[in-house]
Amino acid sequence: RKEVEQDPGPFNVPEGATVAFNCTYSNSASQSFFWYRQDCRKEPKLLMSVYSSGNEDGRFTAQLNRASQYISLLIRDSKLSDSATYLCVVNGGGTYKYIFGTGTRLKVLA
Amino acid sequence: GAGVSQTPSNKVTEKGKYVELRCDPISGHTALYWYRQSLGQGPEFLIYFQGTGAADDSGLPNDRFFAVRPEGSVSTLKIQRTERGDSAVYLCASSPGPTGNTIYFGEGSWLTVV
């Protein structure tokens, strides 16, 4: 089983739609969680950290479920500019590795 | 500089040659990471430095790969006897400290082995 798993997609959604991605992780001791965004042929950039209580940044909401070992990202009112690959990142408990999922591709259609 | 700087941005080399990829992290960042990313995949962890020492090199695929950070700032990833399967983008990232911090990536070094 991979340490961090994501549905690779692609998710094709119309502008204005709400879309959600899930990511599961295998290390129950993991402490830090992030979502990164990666545009084609660009480096990954931080979208948001994921906190235990859940957090929101504008149209983006991230949640953590420790019991089921998954994190989620919700994007409301999708924009064309949201088209990208979204990478789930987990820092293993007691280690310094940041482990990335394979990414989920999102295409927002006009 | 303001961000993580990587050189070269592109490198084409012949199979069997030696390659060095350089990373200059954000000033003051003590943690430095190397990742490798192939098409359609997420970044794959290679090695992590805290200061000058390699705290975790468990991701290096074999002994052809080696990385150093002699003064705790700039790092060099060295690949000996390159193979076509080494072709990928090599990403360097840095963060202010070891755990729980955001990591910031450079633009990557695109390596093609022909």
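Residues numbered from 1 in each chain as written. Chains lettered and ligands numbered in written order. Predicted model: local features only at pLDDT ≥ 70, side-chain atom pairs only at ≥ 80, totals over all residues. Heavy atoms only, no water.

J.: Could you give me a rundown of the pairing of strand 8 (residues 75–79) of chain B, with the residues and numbers involved?
T.: Residue and element names in this part refer to chain B. Burial analysis of strand 8 places four of its five residues in the buried class, the great majority of the element. Relative to strand 8, strand 3 (residues 19–24) runs antiparallel, the two sharing five bridges. The residue of strand 8 that forms the bridge with Leu 21 is Leu 77. Summarising the sheet, strand 7 (residues 65–68) and strand 8 pair through four bridges and their orientation is antiparallel. Within the sheet, the bridge partner assigned to Ala 67 lies in strand 8 and is Leu 77. A loop of six residues connects strand 7 with strand 8, the two strands running antiparallel in sequence, and Gly 72 in this loop sits at a positive phi of about 80°. (Buried < 20%, exposed > 50% of the residue type's maximum accessible area, 1.4 Å probe, protein only. Helix = DSSP H or I, 4+ residues; strand = E, 2+ residues; numbered from the N terminus. Pairing = 2+ DSSP bridges.)

J.: Can you lay out the interface of chain B and chain A for me, pointing to particular residues and giving the numbers?
T.: Facing 23 residues of chain B, the contacting portion of chain A comprises 18 residues. Counting the surface lost from both chain B and chain A, the interface buries some 1700 Å², and carbon and sulfur atoms represent 60% of this. Seen at the junction of chain B and chain A, the total is zero salt bridges. Where the side of chain B that touches chain A is concerned, the elements lending two or more residues are strand 4 (31–37), strand 5 (44–50) and strand 6 (53–56) of chain B. A per-class count over the side of chain B that touches chain A returns 11 nonpolar, 10 polar and two charged. (Contact = heavy atoms within 4.5 Å. Buried area = accessible area lost by both parts, 1.4 Å probe. Salt bridge = Lys/Arg side-chain N within 4 Å of Asp/Glu carboxyl O. Nonpolar A, V, L, I, M, F, W, Y, C, P; charged D, E, K, R; others polar.)

J.: Provide a residue-level description of the pairing of strand 11 (residues 109–113) of chain B, including the pertinent values.
T.: All names here are of chain B. Burial along strand 11 is one-sided: Ser 109, Leu 111 and Val 113 are buried, and none of Trp 110 and Thr 112, which face the opposite way, are. Bridge count for strand 2 (residues 10–13) against strand 11 is four bridges, and the pairing is parallel. Looking across to strand 11, one finds that Thr 13 is bridged to Val 113. Pairing analysis gives three bridges linking strand 9 (residues 88–95) to strand 11, with the strands arranged antiparallel. Looking at strand 11, one finds that Val 89 is bridged to Trp 110.

J.: How would you sum up the nonpolar core? Please name residues and give values.
T.: As a rule of thumb, nonpolar side chains are buried together in soluble globular proteins. In terms of nonpolar packing, the biggest core is built from 40 residues, with Trp 35, Ile 71 and Phe 100 of chain A together with Tyr 33, Tyr 35 and Ile 103 of chain B touching the most fellow members. With six residues, strand 9 (residues 84–91) of chain A is the single largest residue contributor to this core. Setting aside residues no more than four positions away along its own chain, Tyr 35 of chain B makes contact with Tyr 98 and Phe 100 of chain A together with Pro 43, Glu 44, Phe 45, Leu 46, Val 89, Tyr 90, Leu 91, Ile 103 and Phe 105 of chain B. With 20 residues, the next largest nonpolar core counts Val 19, Ile 47, Phe 49 and Val 113 of chain B among its residues. (Core = buried A, V, L, I, M, F, W, Y, C linked by side-chain atoms within 4.5 Å.)

J.: Give a detailed account of the sheet that holds strand 7 (residues 60–65) of chain A, specifying residues and quantitative values.
T.: All names here are of chain A. Spatially, 1-3-8-7-6 is the arrangement adopted by the five strands of the open sheet, whose pairing is antiparallel. Pairing within the sheet leaves two strands with one partner each, and these edge strands are strand 1 (4–6) and strand 6 (55–57). Strand-to-strand twist of the sheet, defined as the mean angle between neighbouring strand axes without regard to direction, takes the value 20°. Across three bridges, strand 1 lies against strand 3 (residues 19–25) in antiparallel orientation. Following the sheet pairing, Glu 5 is matched in strand 3 by Thr 24. (Axes fitted to C-alpha atoms, helices over the stretch in contact; angles between N-to-C directions.)

J.: Any details on the state of the cysteines? Residues and values, ideally.
T.: Residue and element names in this part refer to chain B. Within this structure, the stated rule accounts for two disulfides over all chains. Paired by a disulfide, Cys 23 and Cys 92 hold their sulfur atoms 1.9 Å apart. Its S-S torsion of about -70° marks the bond between Cys 23 and Cys 92 as left-handed, since a negative value means left-handed. Within this pair, whereas Cys 23 is found in strand 3, its partner Cys 92 is found in strand 9, the two being separated by 69 residues in sequence. Note on Cys 92: relative accessible area 0%, which makes it buried. (Disulfide = S-S within 2.5 Å.)

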